[in-house]
Amino acid sequence: MAKVGVCIEMDRGEVKRANLGVLAAARGDGDNEVYALVSGRCEDRAKALLSEHGARKIVEISTEKGDLAASPDLEARVLGEAVKRYGFDLVLGLSSARGKDLLARIAALMNIPLTLDCIGLDIRERMVVKSHFSGKALARIKLPAGGCAACGIRPNAIEPAPAPVETEVETFRSSADDPGRMAVKEIRQGAGGEIDLTEADIVVAGGRGVGGAEGFRMLEACAEALRGAVGASRAAVDAGWAPHSMQVGQTGKTVSPRLYIACGISGSVQHFAGMKTAKAIVAINTDKDAPIFGKCDYGLQADLFEVVPALTEKLKSRLPG
Amino acid sequence: MQIYVCVKHVPDTAATIRVIGGTGFDESVKFVMNPYDEYAVEQALRVRQQQGTGEVVVVSVGKPAAMSAIRSALAVGADRGILVKTDRQFLDSAVTSQALAKVIRQDGAPDLIFTGKQSVDTEGMQTHFRLAAALDLPVATDVAAFTMTDGKVVVEREIGGGTRESIEMTLPCVVGATRGLNEPRYPKLSDIMKARKKQVREMDLEELGVQPAPSGAPELVALEAAPERGEARMLLGTPREMAEQLLEHLRNEAKVL
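The rules behind each value
- Residues numbered from 1 in each chain as written.
- Chains lettered and ligands numbered in written order.
- Predicted model: local features only at pLDDT ≥ 70, side-chain atom pairs only at ≥ 80, totals over all residues.
- Heavy atoms only, no water.
- Contact = heavy atoms within 4.5 Å.
- Buried area = accessible area lost by both parts, 1.4 Å probe.
- Salt bridge = Lys/Arg side-chain N within 4 Å of Asp/Glu carboxyl O.
- Axes fitted to C-alpha atoms, helices over the stretch in contact; angles between N-to-C directions.
- Helix = DSSP H or I, 4+ residues; strand = E, 2+ residues; numbered from the N terminus.
- Parallel < 35°, antiparallel > 145°, perpendicular 65-115°, else oblique.
- Left-handed = near helix turned anticlockwise from the far one by under 90°.
- Nonpolar A, V, L, I, M, F, W, Y, C, P; charged D, E, K, R; others polar.
- Pairing = 2+ DSSP bridges.
- 1 Å grid on protein atoms, 1.4 Å probe; cavity = no way out; pocket = protein on both sides within 12 Å on 5 of 7 lines; lining within 4 Å.
- Points joined across faces, edges and corners; volume = space filled by probe spheres on them.

Trainee: What is the right way to look at the interface of chain A and chain B in this model?
Mentor: Interfaces are often described in size by the accessible area the parts lose on coming together. Each partner contributes to the interface: chain A provides 86 residues, whereas chain B provides 76 residues. The contact between chain A and chain B buries some 7,200 Å² in all, and 55% of this surface belongs to carbon and sulfur atoms. Considering only the side of chain A, the residues that lose the most area to chain B are Phe133, Arg181 and Tyr298 of chain A, jointly responsible for 12% of the buried surface there. There are ten salt bridges connecting chain A and chain B.

Trainee: Explanation requested: the packing of helix H3 (residues 72-86) of chain A against helix H4 (residues 97-110) of chain A in the structure shown.
Mentor: Any two packed helices are characterised by how steeply their axes cross, that is the angle between the axes, and by the distance between the axes. Residue and element names in this part refer to chain A. In contact at an axis separation of 9 Å, H3 and H4 are set at 60° when each is read in the N-to-C sense. By the angle between their directions, the pair H3 and H4 is classed as oblique. When you trace H3 past H4, the crossing you get is right-handed. Note on element contacts: H4 touches H3 through Asp101, Leu102, Arg105, Ile106, Leu109 and Met110, opposite Pro72, Asp73, Glu75, Ala76, Arg77, Leu79, Gly80, Val83 and Lys84. Taken together, the residues that form the contact of H3 with H4 break down as eight nonpolar, one polar and six charged.

Trainee: Sorry, what's going on with the pairing of strand E11 (residues 164-170) of chain B here?
Mentor: In regular strands, side chains alternate between the two faces of the sheet. Of the strand pairs in this sheet, strand E12 (residues 182-188) of chain A and E11 of chain B are connected by six bridges, and their pairing is antiparallel. Paired with Glu186 of chain A across the strands is Ser166 of chain B, a residue of E11 of chain B. Sheet analysis places strand E10 (residues 152-158) of chain B next to E11 of chain B, joined by seven bridges and oriented antiparallel. Across the sheet, Val154 of chain B pairs through a bridge with Glu168 of chain B, a residue of E11 of chain B. Between E10 of chain B and E11 of chain B, which pair antiparallel and follow one another directly, the connecting turn spans five residues, one of which, Gly160 of chain B, has a positive phi of 110°.

Trainee: What am I meant to see in empty space enclosed by the protein here?
Mentor: Where empty space is left in the structure can be found by rolling a water-sized probe over the atoms. In total, this model carries three cavities of 30 Å³ or more according to the counting rule given. The space that makes up the largest cavity amounts to roughly 410 Å³. Val7, Lys8, Thr96, Ser119 and Thr127 of chain B are, among the 30 residues lining the largest cavity, the residues nearest its centre. Counting only elements with at least two residues in the lining of the largest cavity, the list comes to strand E1 (2-7), strand E6 (55-62), helix H3 (93-107), strand E8 (112-116) and helix H4 (127-135) of chain B. Among the residues making up the lining of the largest cavity, the classes are represented as seven nonpolar, 17 polar and six charged. Its volume calculated, the second largest cavity comes out at about 60 Å³. Lining the second largest cavity, in full, are Lys100, Asp101, Ala104 and Leu116 of chain A together with Lys117, Gln118, Met125, His128, Phe129, Thr141 and Asp142 of chain B. When residues of the lining of the second largest cavity are traced back to their parent elements, those giving at least two are H4 of chain A together with H4 and strand E9 (139-149) of chain B. The dominant element in the lining of the second largest cavity, judged by the number of residues it contributes, is H4 of chain A, at three residues. Of the residues that constitute the lining of the second largest cavity, the class distribution is four nonpolar, three polar and four charged.

What follows is the structure, encoded as structure tokens:
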């Protein structure tokens with residue numbers, strides 16, 4: 001049995017869905033003791049969800065030394081203190097933009113091993129699987145026995161598995177000081193839609209074949225019908241049709257959705273690096289020799305301007321609302 | 001301004017990676033400066049230019065061949081380099097950061113340290129955090145915008161869904177660069193020639209008193225080629241028919257809808 005602390009990433013008071021896979025990873029084969037660490041107050045809905053997914057304890061992390069959301073330095077110190085106090089064997093979190101940042105700060109501060117972007121985890125063996133060379137290879141890494149280690153799990157890489165338990169809630173009050181060297185000044189919501197690309201269950205992505213910013217509107221409509229997010233290839237971003245925040249691939253985001261629909265994307269190795277762990281990949285391309293057809297699940301050699309609207313229409317007619 | 005830029009020598013992103021001997025790979029492929037480090041180098045040069053004075057020192061921990069990554073930074077305008085040599089391509093981030101911290105501290109007093117947000121080979125994403133911790137400096141990563149005024153730095157980083165967070169840090173600090181930060185310049189041929197005359201200090205990792213493989217570090221036990229998908233199952237018919245079939249397959253066969 002291992003004692004595992006999971007840093008829960010909240011979004012406006014709600015537990016982000018992607019955390020549930022991390023909780024499943026934390027439980028392992030069932031007998032691990034799972035602590036959900038929440039910065040600040042944990043609302044009832046969040047508590048219920050964490051409890052449903054096997055968190056035996058919820059630890060509300062608090063401090064009077066400053067605003068945790070405004071100081072990454074302070075948050076890491078406070079969590080580091082909690083990790084030490086509880087004596088976790090393992091600290092887990094999401095390998096999202098925020099999660100990577102937080103885990104790296106904690107690991108650096110505590111000088112403990114850290115592996116980010118893990119797609120597999122065996123807590124009993126202390127073995128993790130993560131990508132190397134942007135997904136061209138997989139590395140199996142053995143974490144040292146004894147002492148604490150930290151792992152960030154790629155969003156959606158591990159399936160959530162509900163396992164309701166009785167949950168106790170407690171508060172951890174930290175006395176750690178903020179070194180006062182950095183502060184979050186502003187958070188500006190992006191135009192990227194409600195669903196975060198890296199955590200989306202479904203991604204509709206466009207490449208050179210989309211032909212312009214207009215074409216991306218069409219993909220947005222399709223993504224909306226699928227309740228997914230829109231991504232772009234580097235070619236489309238370089239052409240200025242989509243912002244860099246939407247880029248999927250080696251110099252962009254790594255995504256692991258249930259379904260990835262590549263529209264007008266030829267499928268470079270760099271692009272595959274960012275999406276190859278999707279459960280199902282669909283390619284729509286007019287070029288029958290496009291490399292993407294060689295490495296995906298379903299291929300449609302067709303004009304995306306005909307297929308995508310047809311798809312959107314059929315989805316809308318079947319989905320209520 | 002004393003600016004340090006940490007760079008890594010890595011296989012080109014277009015290279016095919018062939019796994020050899022369980023934990024190694026065919027290193028005869030083309031190597032380049034880690035793509036994210038190019039943004040780090042460029043930003044360092046821009047800061048030096050803005051300040052009108054200062055020195056940009058490029059530091060790399062790597063195999064002797066990593067000299068070429070240093071040379072390419074010198075070719076675009078960095079002033080001098082330091083290469084800490086080891087015989088391993090895969091070095092634990094804790095080891096690399098320890099070496100970087102020691103060599104930078106030995107060399108001078110940094111005002112700013114730039115790195116890439118991650119290397120594209122081992123994708124550890126943490127060396128700059130450990131470096132910052134070792135030097136007791138603030139750090140930010142995924143930095144896509146950078147401004148400096150009155151001894152303070154403001155960086156912007158993307159935190160998902162296109163949402164941007166701006167963070168103010170005091171100097172000195174460590175900045176992990178990502179794509180979008182700037183447009184790296186290309187070297188001129190004459191500068192490439194001149195770069196060969198610039199000074200690069202070389203030393204071995206052990207000379208710094210750093211163990212390449214300390215006990216208690218995570219151990220790479222296997223490197224495997226990632227499983228590839230096979231050829232696509234091509235759907236036939238008119239676009240409408242294809243759309244119909246696709247939804248059918250996604251629902252009933254792949255079960256992803």
